[in-house]
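Chain by chain, the residues:
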Amino acid sequence: MDVTFLGTGSAYPSPCRGASAIVFRAEGECWLFDCGEGTQTQFMKSALRAGRITKIFITHLHGDHMFGLPGFLCTVSLQCGSTPTNQHVDIYGPVGLRSFIRMSLEVSHSQLVFPYTVHEFLPSEDQCPAEEFRDFSKYTGDCFPPSPEDRIISADLTDGTYRLLENEQFTVKAFKLYHRIPSFGFVITEKDRPGRLNVGKLQELGLQPGPLYGKLKLGSAVTLESGQTISPCDVLGDPVPGRKICILGDCSGVVASGAAQLCRDADLLIHEATLDDGQMEKAKDHGHSTPKMAAEFANLCRAKRLVLTHFSQRYKPPGLVSEGDEDVTVLKTQAESVLMGQSVILAEDFLTISIPLKKPL
């Protein structure tokens, strides 16, 4: 399991930093979080393959997080060739995203050779200043009627979170953030893995290596020719706890009451830090965070590792600082002064962070 940053800058892509884009990979899964302008170019510069993306998550509808999406989809389609493919792409984001994609493809006369489904979640008025809130839900069916698979997801009334998907490996939820327009964070939770098979015990019971081992590993009991039944709990070691990754969009705070609990004990928390602590009021006025604000949320969640990203283009790596620029490492120092003895990672374009397997309970 790893996370690769393809874009770590705010507002627009620059020679130093691409616009927001993060790729999550884990055992056959390859998901994209945000798709700012130039994301497809960043893919080409990396060892990643754009055609492997099966799920795309958009944190909010500002251009530096989604202007690259129509072009990205078209390029992936071109790379597939002219033959329609069954590879399906699921796209998740706030209401209004489906109309943006459909309109972009329609006016550019672009056709995709692969099917896609858009899963939109309903924002609420408490996620942004009142004058900035737009209710796009009333327009969702006017120009582009939804396909049967498209859906709109409402928040859980008890904690303000959204259940987006669940499969054999993961659950993914979204939660509300406060920004200039409604923004969201995502939590990827890996399910616990079965413990190690006690092969010696199985052989003592007369069961030799074969398909039944796999059945036990998956949690099903097996019955031997003698009539004896072997339960998984008899031959499996302690389960391996799943890992948790939290990716927050632009924000100056969290709206969902269940966000901290949802992010509790995250193995990796990715949080924006657009400006330094000396500009906290300016950051809040524009719906953004500083290192201190990010670190305080990490402390609240008891996150194991904090990664800062989405830097103003004024912050440059030490070797690239010129007149008018600032050294990005100041953001790391500010965050670490708030964290309880933890180091902070500053995201850079093409940085890959691995999240190792945990030890059995």
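To be clear, the structure that these remarks concern was listed above.
Throughout what follows, the structure given in this document is the object of discussion. Please read all numbers here as calculations on a predicted model, not as lab measurements.

**Comments concerning the overall build of the protein chain**
Part 1 of the argument: A count of helices and strands for the protein chain gives 11 helices and 20 strands.
Part 2 of the argument: Dimensions of the protein chain, computed from C-alpha atoms along their principal axes, come out at roughly 75 × 50 × 45 Å.
Part 3 of the argument: Residue burial in the protein chain is summarised as follows: out of 361 residues, 52% are buried.
Part 4 of the argument: Within the protein chain, residue pairs in contact and separated by at least 24 positions form 67% of the contacts whose partners lie at least 6 positions apart.
Part 5 of the argument: Of note, the protein chain has its 35 positive side-chain charges centred 5 Å away from the centre of its 43 negative side-chain charges.

**Quick look at helix α4 (residues 97–107)**
Part 1 of the argument: All buried positions along α4 are accounted for by Leu 97, Arg 98, Ile 101, Arg 102, Ser 104 and Leu 105. The buried side chains of α4 occupy one side of the element, clustering within an arc of 160 degrees when seen end-on. Facing away from the buried side of α4, by more than 90 degrees, are the exposed residues Glu 106 and Val 107.
Part 2 of the argument: Positive backbone phi, approximately 55 degrees, marks His 109, located one or two places after α4.

**Observations concerning the side chain of Lys 55**
Part 1 of the argument: Turning to its location among the elements, Lys 55 is positioned in strand β4 (residues 55–57).
Part 2 of the argument: For the buried residue Lys 55, which engages in no salt bridge, the nearest side chain bearing the opposite charge is Asp 90, 4.0 Å off.
Part 3 of the argument: Among all residues touching Lys 55, those that are not within four sequence positions of it are Cys 30, Trp 31, Leu 32, Asp 90, Tyr 92 and Leu 165.

**Side note on the packing of aromatic side chains**
Part 1 of the argument: Taken as a whole, this structure holds 13 aromatic pairs when the rule is applied.
Part 2 of the argument: Relative to Phe 184, the ring of Tyr 162 has its centre 5.5 Å away and its plane inclined at 80 degrees; by these criteria the two rings are edge-to-face. Residue Tyr 162 is found in strand β8 (residues 161–166), and its partner Phe 184 is found in strand β10 (residues 183–190); the two are separated by 22 residues along the sequence. One exposure class covers both Tyr 162 and Phe 184, and it is buried.

**Considerations on the sheet that holds strand β7 (residues 151–153)**
Part 1 of the argument: Taken together, eight strands build an open sheet; the order of strands is β7-β6-β5-β4-β3-β2-β1-β20 and the sheet is mixed. Looking at the sheet topology across the chains shown, the edges are occupied by β7 and β20 (352–354). Adjacent strand axes in the sheet meet at a mean angle of 20 degrees, parallel and antiparallel pairs treated alike.
Part 2 of the argument: In this fold α4 packs onto β5 (89–94) and β6 (116–121), with an angle of close to 145 degrees to the strand it touches most, β6.

**A word on the pairing of β6**
Part 1 of the argument: Within β6, six of the six residues are buried, which leaves the element mostly enclosed by the surrounding structure.
Part 2 of the argument: On β6, burial covers both faces: Tyr 116, Val 118 and Glu 120 on one face and Thr 117, His 119 and Phe 121 on the other are all buried.
Part 3 of the argument: The pairing of β5 with β6 spans six bridges and is classified as parallel. The residue bridging Val 89 from the neighbouring strand is Tyr 116, located in β6.
Part 4 of the argument: As a crossover connection, the stretch from β5 through α4 into β6 is right-handed.
Part 5 of the argument: In terms of strand pairing, β6 meets β7 through three bridges, oriented parallel. Looking at β7, one finds that His 119 is bridged to Arg 151.

The rules we used
- Residues numbered from 1 in each chain as written.
- Predicted model: local features only at pLDDT ≥ 70, side-chain atom pairs only at ≥ 80, totals over all residues.
- Heavy atoms only, no water.
- Helix = DSSP H or I, 4+ residues; strand = E, 2+ residues; numbered from the N terminus.
- Buried < 20%, exposed > 50% of the residue type's maximum accessible area, 1.4 Å probe, protein only.
- Contact = heavy atoms within 4.5 Å.
- Lys, Arg positive; Asp, Glu negative; His and termini not counted.
- Charge placed at Lys NZ, Arg CZ, Asp CG, Glu CD.
- Arc of directions from axis to C-beta.
- Salt bridge = Lys/Arg side-chain N within 4 Å of Asp/Glu carboxyl O.
- Phe/Tyr/Trp six-rings, centres within 6.5 Å; stacked < 30°, edge-to-face > 60°.
- Pairing = 2+ DSSP bridges.
- Axes fitted to C-alpha atoms, helices over the stretch in contact; angles between N-to-C directions.
- Right-handed = clockwise from strand over helix to strand, strands pointing away.

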